[in-house]
Amino acid sequence: QVQLVESGGTLVQPGGSLRLSCAASGNINSLNAMGWHRQVPGKQRELVAGISSGGTTTYADSVKGRFTISRDNAKNTVYLQMNSLKPEDTAVYYCNADMRVGYSPYHKNYWGQGTQVTVSS
């Protein structure tokens with residue numbers, strides 16, 4: 001059984017900051033890329049930021065310069081530091097991880113359950 005558990009979502013005022021965390025647990029043999037996506041009702045889920053196992057990062061244009069993704073490989077955890085938050089950042093944020101689990105020879109993409117971020121005054 002593998003789990004991705006997100007935390008840190010809450011209500012924050014415009015201009016504020018939040019740090020999301022996502023910890024992967026279970027019989028993990030290999031953990032490759034990890035990332036954060038977000039989704040608002042009626043829209044497709046979109047990539048916010050991604051990070052490779054070696055630390056190479058990628059960001060959506062809308063969050064560049066404001067959000068920072070990082071990871072702690074020893075803890076199988078990925079973080080998303082969000083600064084200068086805007087109302088349009090309001091969404092459910094999901095983490096994902098490309099993992100090889102148990103005896104499987106293949107990597108598979110796993111998703112967390114999501115955490116709500118609301119930016120409002």
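Above this note sits the structure.
Residues numbered from 1 in each chain as written. Predicted model: local features only at pLDDT ≥ 70, side-chain atom pairs only at ≥ 80, totals over all residues. Heavy atoms only, no water.

**Let's talk about the state of the cysteines**
By definition, a disulfide is the covalent link that joins the sulfur atoms of two cysteine residues. Tallying each qualifying case throughout the model produces 1 disulfide. Here cysteine 22 pairs with cysteine 95 through a disulfide, and the sulfurs are 1.8 Å apart. Here the residue cysteine 22 occupies a position in strand E3 (residues 18–25), and cysteine 95 occupies one in strand E9 (residues 91–101), the gap between them amounting to 73 residues. (Disulfide = S-S within 2.5 Å. Helix = DSSP H or I, 4+ residues; strand = E, 2+ residues; numbered from the N terminus.)

**Focus: the sheet that holds E3**
Note: strands within a sheet are paired through backbone hydrogen bonds, in either parallel or antiparallel orientation. One open sheet accounts for 4 strands, arranged E1-E3-E8-E7; its pairing is antiparallel. Each end of this open sheet is capped by a strand with a single partner; those strands are strand E1 (3–7) and strand E7 (67–72). Within the sheet, the average angular offset between the axes of one strand and its neighbour, ignoring direction, is 15°. Sheet topology places E1 next to E3; 5 bridges connect them, and they run antiparallel. (Pairing = 2+ DSSP bridges. Axes fitted to C-alpha atoms, helices over the stretch in contact; angles between N-to-C directions.)

**Some words on the pairing of E7**
Regular strands place their side chains on alternate faces of the sheet. Side chains Phe67, Ile69 and Arg71 project from E7 onto a buried face, and the interleaved Thr68, Ser70 and Asp72 project onto a face without burial. Inspection of the sheet shows E7 paired to strand E8 (residues 77–82) by 6 bridges, in the antiparallel sense. When the bridges of E8 are listed, isoleucine 69 appears paired with leucine 80. (Buried < 20%, exposed > 50% of the residue type's maximum accessible area, 1.4 Å probe, protein only.)

**With respect to the side chain of arginine 66**
Relative to the elements of secondary structure, arginine 66 occurs in the loop between strand E6 (57–59) and E7. Look at arginine 66 and you get buried, because its relative accessible area is 10%. Once residues within four sequence positions are removed from consideration, arginine 66 is found in contact with Gln81, Met82, Asn83, Ser84, Leu85, Lys86 and Asp89. (Contact = heavy atoms within 4.5 Å.)

By themselves, these are just geometric observations and shouldn't be taken as functional.
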